[in-house]
Amino acid sequence: MPGNVVLIGFSGSGKSAVGQLLAERLGWSFVDTDEAIVRRFGKSIAAIFREEGEAAFRAAERDVVALACADARQVISVGGGAPVDRGNRARLLDGNLVVRLEASPETILARLRAASGAEERPLLAGDDPLSRIRSLRAARVEAYAIAHHVVETEGRTPPDVAREVSEVVRGFVEAVEGTGR
Ligand code: S3P
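A brief look at the structure comes next. (Residues numbered from 1 in each chain as written. Predicted model: local features only at pLDDT ≥ 70, side-chain atom pairs only at ≥ 80, totals over all residues. Heavy atoms only, no water.)

### Examining the sheet that holds strand 5 (residues 149-152)
The strands that make up a sheet are held in pairs by hydrogen bonds between backbone atoms, and each pair lies either parallel or antiparallel. Here we have five strands laid out as an open sheet, ordered 2-3-1-4-5, and parallel in their pairing. Among the strands making up the open sheet, the edge pair consists of strand 2 (29-32) and strand 5. Going from strand to strand, the sheet's axes swing by 25° on average, the running direction of each strand aside. As paired strands, strand 1 (residues 4-8) and strand 4 (residues 97-102) are joined by four bridges and run parallel to one another. Among the inter-strand pairings, valine 6 is bridged to a residue of strand 4, identified as valine 98. Packing of helix 2 (residues 33-41) onto the sheet brings it into contact with strand 2 and strand 3 (74-77), and relative to strand 2 it is tilted by some 65°. In the packing of helix 4 (residues 54-69) onto the sheet, the strands contacted are strand 1, strand 2 and strand 3, and the crossing angle to strand 3 comes to about 165°. (Pairing = 2+ DSSP bridges. Helix = DSSP H or I, 4+ residues; strand = E, 2+ residues; numbered from the N terminus. Axes fitted to C-alpha atoms, helices over the stretch in contact; angles between N-to-C directions. Contact = heavy atoms within 4.5 Å.)

See the structure below:
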């Protein structure tokens, strides 16, 4: 078995919703690094960015990623920016199965708006969030390329995506067992 299943991807790709359902399917616990950071500071992500600065958020994110990766049998959903950090990438890849959830910029924006999540994502604030999403995604191509598998979420429900990811996990386990490792 992989130590953990890590979900990466842009905001609005469905990591939290899919992660919770996937954890239920696998009988594993669910860890959301954004939630852990919010608990640690006792304030929202928007307030952390505003009052403590992005550097403080990223430092806490590195810490929370390291703590999560020290444990096993968890589905770990990391914030969209976590894989940008080289050290985070190394930890996420160390013995874990990394799955990226994909969605188009238009869908991402629609989902964030529907969940009033746009205000909660300080990096997407401003009067042209679609351009911001496009440029951030383009800048993160390399960071997001660490995924062992990519799952498309466009036009699909979280349960449907969670089912596909659990099949990916099963396929991975069978492949590892098949090679006798
Ligand atoms: C961020 C994504 C957010 C959160 C923070 C920064 C990013 O997480 O960590 O606002 O850099 O893309 P979600 O991907 O869960 O929205």
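### Description of the pairing of strand 4
Counting buried residues in strand 4 gives six out of six residues, a clear majority hidden from the surface. Neither face of strand 4 is left uncovered, since the one carrying Leu97, Val99 and Leu101 and the one carrying Val98, Arg100 and Glu102 both have all their residues buried. Where strand 4 meets strand 5, four bridges bridge the pair, whose relative direction is parallel. Residue pairing across strands places leucine 101 opposite valine 151, the latter belonging to strand 5. (Buried < 20%, exposed > 50% of the residue type's maximum accessible area, 1.4 Å probe, protein only.)

### Observations regarding the packing of helix 2 against helix 4
To describe two helices that pack against each other, one gives the angle between their axes and the distance between the axes. As a packed pair, helix 2 and helix 4 sit with axes 9 Å apart at the nearest point and diverge in direction by 120°. The interaxial crossing formed by helix 2 with helix 4 has right-handed handedness. Where helix 2 abuts helix 4, its residues Thr33, Asp34, Ala36, Ile37, Arg40 and Phe41 lie against Ala56, Phe57, Ala60, Glu61, Asp63, Val64, Val65 and Leu67. The residue inventory of the contact of helix 2 with helix 4, partitioned by class, reads nine nonpolar, one polar and four charged. (Left-handed = near helix turned anticlockwise from the far one by under 90°. Nonpolar A, V, L, I, M, F, W, Y, C, P; charged D, E, K, R; others polar.)

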